[in-house]
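# Coordinate inspection notes
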Amino acid sequence: MLQIKNTLVSLDLVERFFCCDLGKCKGQCCLEGDAGAPVSEEEDKKIQSLLPEIWNDLLPAARREIEENGTSYLDPEGERVTQLVEGGTCVFATITPDGQWICAIEQAYRQGRVDFYKPISCHLYPVRLKEFPSFTAVNYHRWKICGAAEVLGRAKGIRAYKFLEAPLRRKFGDEWYEELELTCQEYLKQYPDGLTPD
């Protein structure tokens, strides 16, 4: 682990390569899983305010789910997460003409229609955060559907922490990220293959 201010960062972020390959995965992370994406109450309220703008982009089943059950719910651990369609697909997932699943909120943001990118938990993926009383754990979540991202990241030489620079800066700030980057660079000088001694 790397200690950056009040966080403990998994070595996977520096050792592993990662670069989303949407041409291969088709956005499967929006479709699979046993719970929605973690979302804060503040983010949920913001999303609710954006519904009029993105409503027509959502699938009919997603609109029905939101009308009946709202935009989020509490999972078995008590964490607020985005609502799902039929227990699997995020209600904010929409499909492009070429069969790729994307976030309707992100799509609207990129088109200049809304001022919110998407929940930070989605932006950070494959990073998952775990809050503890005295620190935040910044963990790398391995998922088979992201195998193509690890292959592409290795081919391009992009480490996970570099691919995730924008969301990490968004979550923790520029000073935090610059400290992380410097620490990762020093680590890779010592362990260029990402291999630590036993």
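Values in this document were obtained by computation on a predicted structure and should not be read as measured data. (Residues numbered from 1 in each chain as written. Predicted model: local features only at pLDDT ≥ 70, side-chain atom pairs only at ≥ 80, totals over all residues. Heavy atoms only, no water.)

Moving on: the overall build of the chain. A count of helices and strands for the chain gives ten helices and ten strands. At 18 Å, the chain has a C-alpha radius of gyration in line with the 16 Å of a compact globule built from 198 residues. In terms of its C-alpha atoms, the chain occupies a principal-axis envelope of roughly 55 × 40 × 30 Å. Restricting the contact set of the chain to residue pairs at least 6 apart, pairs at least 24 apart contribute 64%. A total of about 10900 Å² of accessible surface is found on the chain, and carbon and sulfur atoms cover 49% of it. Counting 24 positive and 32 negative side-chain charges, the chain places the centres of these two groups 4 Å from one another. (Helix = DSSP H or I, 4+ residues; strand = E, 2+ residues; numbered from the N terminus. Rg over C-alpha atoms; globule rule 2.2 N^0.38 Å. Contact = heavy atoms within 4.5 Å. Areas by Shrake-Rupley, 256 points an atom, 1.4 Å probe, with all protein chains shown as cover. Lys, Arg positive; Asp, Glu negative; His and termini not counted. Charge placed at Lys NZ, Arg CZ, Asp CG, Glu CD.)

Judged by nonpolar contacts, the single largest core of 26 residues is most densely connected at V9, L13, V14, Y161, L168, W176 and L180. Contributing elements (two or more residues each) for this core: β1 (2–4), α1 (12–15), α6 (120–124), β10 (136–140), α8 (160–163) and α10 (174–190). Sorting elements by how many residues they give to this core places α10 first, with six residues. Ignoring anything within four residues of it in the chain, the contact list for V9 reads M1, L2, I4, V138, W176 and L180. (Core = buried A, V, L, I, M, F, W, Y, C linked by side-chain atoms within 4.5 Å. Buried < 20%, exposed > 50% of the residue type's maximum accessible area, 1.4 Å probe, protein only.)

Right, let's get into the pairing of strand β9 (residues 127–131). Inspection of the sheet shows β9 paired to β10 by five bridges, in the antiparallel sense. Note on β10: the bridge partner recorded for V127 is Y140. If you look at the hairpin formed by β9 and β10, you'll find four residues sitting between the two strands. (Pairing = 2+ DSSP bridges.)

This next bit is on helix α4 (residues 60–69). Along α4, the positions that sit buried rather than exposed are A62, E65 and I66. Taken down its axis, α4 places every buried residue within 95° of arc, on the same side. For α4, the exposed residues set more than 90 degrees away from the buried face come down to E67 and E68. Where α4 is buried, its residues contact α3 (41–54) and β5 (84–85). Positive backbone phi, at 90°, marks G70, one or two positions downstream of α4. (Arc of directions from axis to C-beta.)

A separate point is the sheet that holds β9. Pairing within the open sheet is mixed, and its four strands lie in the order β1-β2-β10-β9. At either end of the open sheet lies a strand with only one pairing partner, and these are β1 and β9. Put simply, the sheet's adjacent strands are angled 25° from each other on average, direction ignored. Most of the contacts of α10 go to β1, to which it runs at about 150°, and overall it touches β1 and β2 (7–9). (Axes fitted to C-alpha atoms, helices over the stretch in contact; angles between N-to-C directions.)

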